[in-house]
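# Structural features, examined
Take a look at the letters that make up each chain.
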Amino acid sequence: MLPSTCTVDRKRRLPFKRPWATWLNLIALSLLFVSARPKPDAAPLRVLIFLETECPICQKTTGRTQQLADTYAGQVRFEAVFPAETVTQAEAQAFATAYSLRLPYQLDPRHKLVKRYRVTTTPEVVLLSADGKVLYQGSVDDQFYRLGRARPAPTAFYLRDAIDATLTNQPVAIPRTMPVGCLIN
């Protein structure tokens, strides 16, 4: 049973007719305060880009991906995922340094994210809503249209267009493309 008084300091006691109500109010206020605090990196959208350190298409795509991350900073949270079982933290960091990739990254050697989003290729991007729904999946753009075949520069910007559509509450015109690159084993 809860005490019928609340000790403020050792000299003074305050009587409460309903001590449980006071405790409930304190708990409700503290929960409200905790939930009202801004969440770090609480961007409404999230992009996962799956990369392989040895894939030449990944090496050529990371610069454009980093530019997108810089352009949409605060609105979209970009993360790199290295799904190869053999990639180490040091190799992922070396890749990020060599290709000026400043995104947070994680290793996925057990393919938890690969399986969750049915990713097959590197590089492949997955655009997620705040509630985790896949809004777009596939290539960053169309520069690489077949293995060994590339345009001098991209002409269609799939990921950028999907982000822009989502940020303006429009449906994504092309929700899926076939990524071109190295197969994930």
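Look a little higher up for the structure.
Each value, and the rule that gives it
- Residues numbered from 1 in each chain as written.
- Predicted model: local features only at pLDDT ≥ 70, side-chain atom pairs only at ≥ 80, totals over all residues.
- Heavy atoms only, no water.
- Buried < 20%, exposed > 50% of the residue type's maximum accessible area, 1.4 Å probe, protein only.
- Helix = DSSP H or I, 4+ residues; strand = E, 2+ residues; numbered from the N terminus.
- Pairing = 2+ DSSP bridges.
- Right-handed = clockwise from strand over helix to strand, strands pointing away.
- Salt bridge = Lys/Arg side-chain N within 4 Å of Asp/Glu carboxyl O.

Glancing now at the pairing of strand S4 (residues 76-82). The buried fraction of S4 amounts to six of the seven residues, a majority that puts the element mostly inside the structure. As paired strands, strand S3 (residues 45-50) and S4 are joined by six bridges and run parallel to one another. Paired with Val47 across the two strands is Phe78, which belongs to S4. With helix H2 (residues 56-71) bridging S3 and its parallel neighbour S4, the resulting β-α-β unit is right-handed. Examined bridge by bridge, S4 and strand S5 (residues 105-107) share three bridges and lie parallel to one another.

The subject of this paragraph is the pattern of salt bridges. A complete count under the given rule lists six salt bridges for this structure. In this structure, Arg46 and Glu79 form a salt bridge, with 2.7 Å as the shortest nitrogen-oxygen distance. With Arg46 in strand S3 and Glu79 in strand S4, this residue pair connects regions lying 33 residues apart in the sequence. You can call Arg46 partly exposed: its relative accessible area is 27%. By relative accessible area, which is 6% here, Glu79 ends up buried. Within this structure, Arg46, Arg77 and Glu79 form a network of salt bridges that share partners.

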